[in-house]
Amino acid sequence: MCVLCGDLVGEVHWAERTLGPSSAGSSDEAQRRQARFKRARILNRVLAPYQLSMHEDLSGTRYVVGDRKGAQEVVRDLDELWTAADRLAHVPVDPLDERLLATLEGSSADR
Amino acid sequence: MTHRERLRLTVITGFLGSGKTTLLRRALGDGRPDVAVVVNEFADAGVDQELIGGACAWVVTVSGGCACCERREEVLIALRQILDAHERGRLGALRHVVIETSGLADPLPIVTAITLDPVLRHHFKLGAVVTVVDALDGEEQLALHPEARRQALSADRIVVSKTDLAEPAQVKALEAKLAGLGVSVVTPAPEPWADLLSASGRHERVALPEAGAHTGNVTSASIKFDQPLDWVAFGVWLSLLVHAHGLGLLRIKGVVPAAGIGSIAINAVQHALYPPEHIDSPAVPARLVVIAQDLSADSITRSLLAFQRAA
């Protein structure tokens, strides 16, 4: 449990674990923050075709996913995020969805 | 608390009478005190415990049904018993646990249940699913019994048994049938037996199907990587793929090259994903094999690459 906010600290999701050696001059925490920032950017590209978006909460340990009408859910990790996204979008977020893939394949051209 | 290395888990499966116990006895050889065995018998009373008992640290029998369905919870209890005895120091130098399934069991739900168990997942790492296929009757069993096909498709490694009793043409026909399913064959020889339970070289021994192989509505893709992947984008993709299509993902296994990190071993069974591991061996080929049911292997490959572009 976090001694400051009383939040229960759960197991770190496999996709968020630090694997391999740290980069020179970069701490694990800095790497974790950079990875979370990049993850949020990718997640927003994936969620956009479903009219959803997400951001990190202030503590940097949770994600907030929401729709355009203001409905939001706070989740701990990617597994919870996908479940919440399915609920908020009223359709399953599908990584094989043609519309999503076409959007992502155009991502690099959008930058 | 003393840190212990996770126990390596090997699942030996194969259709009724294919030679699973014989294979296990050969693997155990004159005695392997570092191995414990869970034997699953479809019948109420089994004989395998007597055949194996003296050659390993401990045998637990789960009888009266298949480990993949009605006896799955009992298998988990057996593994917890072994783990408890190990933690108390009663099993000496235990390093491996082998589950020998019944002849009708589907190995994937067993692996999934262990992966999802809140305790066992931290104490076991999946070594390999080894499937024994009978050279005499295997071709017919694969044609007639979906259980036999599921066992073959689940395999990291196929061992063909009874080749000394079969005609060479029979063995070739069986190998062709297995190749059609998208799995490679290991021809029996004295060397692999002791090696089957080895803790090292797991990834080198993975039997990887080639791209495009299929049977019925099962497809496989072998995705090769000529440049490192963005690990964050890969994590987003794989977590969503497993979430959305876990039931259809019979297996995802292999090694991916992650930019700035190195080689990472991936091992997923349906909705369950073993925590990816960083591996040091540069000799391991970087490719990811996806075996899926009712899903397009080409779409999965395209999806992986599209998520990489979003990074």
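Preceding this section is the structure that the text describes.
Conventions used here
Residues numbered from 1 in each chain as written. Chains lettered and ligands numbered in written order. Predicted model: local features only at pLDDT ≥ 70, side-chain atom pairs only at ≥ 80, totals over all residues. Heavy atoms only, no water. Helix = DSSP H or I, 4+ residues; strand = E, 2+ residues; numbered from the N terminus. Buried < 20%, exposed > 50% of the residue type's maximum accessible area, 1.4 Å probe, protein only. Contact = heavy atoms within 4.5 Å. Buried area = accessible area lost by both parts, 1.4 Å probe. Salt bridge = Lys/Arg side-chain N within 4 Å of Asp/Glu carboxyl O. Polar contact = N/O pair within 3.5 Å; in protein donor to acceptor, adjacent residues only side chain to side chain. Nonpolar A, V, L, I, M, F, W, Y, C, P; charged D, E, K, R; others polar. 1 Å grid on protein atoms, 1.4 Å probe; cavity = no way out; pocket = protein on both sides within 12 Å on 5 of 7 lines; lining within 4 Å. Points joined across faces, edges and corners; volume = space filled by probe spheres on them.

Engineer: Teacher, can you tell me more about the overall build of chain B here?
Structural biologist: Across its full length, chain B holds 11 helices and 12 strands. The buried share among the 311 residues of chain B stands at 58%. Of the contacts formed within chain B by residues at least 6 apart in sequence, a portion of 75% connects residues at least 24 apart.

Engineer: Looking at this model, I keep getting lost on the interface of chain A and chain B. Mind explaining?
Structural biologist: Interface size is commonly expressed as the accessible surface area that is lost when the partners come together. Listed per partner, the contact involves 34 residues of chain A and 31 residues of chain B. Roughly 2900 Å² is buried in total at the junction of chain A and chain B, and carbon and sulfur atoms are behind 65% of that figure. Broken down residue by residue, the surface that chain A buries against chain B is led by Trp14, Leu19 and Leu96 of chain A, which jointly contribute 26%. Linking chain A with chain B are three salt bridges. At the junction of chain A and chain B, the tally comes to nine residue pairs in polar contact (both at pLDDT 80 or more). Contributing elements (two or more residues each) for the side of chain A that touches chain B: helix 1 (28-47), helix 2 (78-89), helix 3 (98-105) and helix 4 (107-110) of chain A. Here the side of chain A that touches chain B gets eight residues from one element, more than from any other, and that element is helix 1 of chain A. Counted by class, the side of chain A that touches chain B contains 17 nonpolar, five polar and 12 charged residues.

Engineer: Honestly, empty space enclosed by the protein in this entry has me stumped. Any pointers?
Structural biologist: Residue and element names in this part refer to chain B. Scanning the entire structure with this criterion turns up three cavities of 30 Å³ or more. In this structure, the largest cavity occupies an estimated 60 Å³ of space. Among the secondary structure elements, those contributing two or more residues to the lining of the largest cavity are strand 5 (124-134), helix 5 (138-144) and helix 6 (146-153). For the lining of the largest cavity, the element with the highest residue contribution is strand 5, accounting for four residues. A breakdown of the residues in the lining of the largest cavity according to their chemical character gives six nonpolar, six polar and one charged.

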